[in-house]
Amino acid sequence: MSKKTAAYSNTNYLNYVKRLDPPTKHFKNCLSAFGVGGLICSIGQFFRYMLEYAGLSGDELAGTVSVILIFFGCLLTGLGVYDRIGRRAGAGSIVPITGFANSVTSPAIEFKTEGFIYGTAAKMFTVAGAIIVYGVFSGVIVGIIYCII
C-alpha cells in the first residue's frame, strides 16, 4: 500500500470516528472533578477539625485522618458507590487519598474468586504497586507491635 493510500484511509477512519464519537464536555468534566475532589478534601478537613477538637495533634492527627479516609474509600468501593462517584467525577475521585484506597480495593474485590494469593493479593499488587502495599502492610504491623510494647 502506498503512503498516499494509507494517509487517505487513515483520514477516512478519523472522520468516521469523529462522526460517531460524542463531543467531550471539557468544562463540565473539569467542574465535576473539581467539585467532587474538593468535597472529598472537605470531608477530610471536617474529620481533622473534629479529631483536633477531641485532642489529637501533629502526626497522630494526620495519621488518623488518613486512616479514616482510606477506610471510607475502601468501604465505598466495596459497596460499589465509589465506582459511581468515579464515573461522575473522573479525576476528582482519583487524586485524593480515597482514590489510592479505591485502586487497591477494586482489584482485590474483583479477583477474590481466584483465591487469596493468586487472585486478591496478586492483582492488588498489580494496580497499586508492591512497594506501596507492602509499605502500608508493614506500617500496620509495626504500629500494632509498637502499641503492644
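Details of the structure are given in the entry above.
Cut-offs applied
Residues numbered from 1 in each chain as written. Predicted model: local features only at pLDDT ≥ 70, side-chain atom pairs only at ≥ 80, totals over all residues. Heavy atoms only, no water. Helix = DSSP H or I, 4+ residues; strand = E, 2+ residues; numbered from the N terminus. Expected span 1.5 Å × (residues − 1). Buried < 20%, exposed > 50% of the residue type's maximum accessible area, 1.4 Å probe, protein only. Arc of directions from axis to C-beta. Contact = heavy atoms within 4.5 Å. Axes fitted to C-alpha atoms, helices over the stretch in contact; angles between N-to-C directions. Parallel < 35°, antiparallel > 145°, perpendicular 65-115°, else oblique. Nonpolar A, V, L, I, M, F, W, Y, C, P; charged D, E, K, R; others polar.

Novice: Give a description of helix 3 (residues 58-78) that names residues and reports values.
Specialist: Look at helix 3: 31 Å from first C-alpha to last across 21 residues, which is about the 30 Å you get at 1.5 Å a residue. When we look at burial in helix 3, the residues that qualify are Leu61, Val65, Leu69, Gly73 and Thr77. Taken end-on, helix 3 shows its buried residues confined to a sector of 135 degrees, consistent with a single buried face. Exposed side of helix 3, more than 90 degrees from the buried face: Asp59, Glu60 and Val67 are the residues found there. Contacts made by the buried residues of helix 3 are with helix 2 (26-53), helix 4 (81-89) and helix 6 (97-110).

Novice: Give a description of the packing of helix 2 against helix 4 that names residues and reports values.
Specialist: Remark: helix 2 packs on helix 4, axes separated minimally by 8 Å, with the N-to-C direction vectors making an angle of 140 degrees. Classified by the angle their axes make, helix 2 and helix 4 are oblique. Residues Ser32, Ala33, Val36 and Ile40 of helix 2 touch helix 4, and the partners they reach there are Tyr82, Ile85, Arg88 and Ala89. By residue class, the composition of the contact of helix 2 with helix 4 is six nonpolar, one polar and one charged.

Novice: Give me the side chain of Ser93: which residues, what numbers.
Specialist: One can find Ser93 in helix 5 (residues 91-94). What makes Ser93 buried here is its relative accessible area of 0%. For Ser93, the residues in contact, after removing those within four places along its chain, are Ile40, Tyr82, Ile85, Gly86, Thr98 and Gly99.

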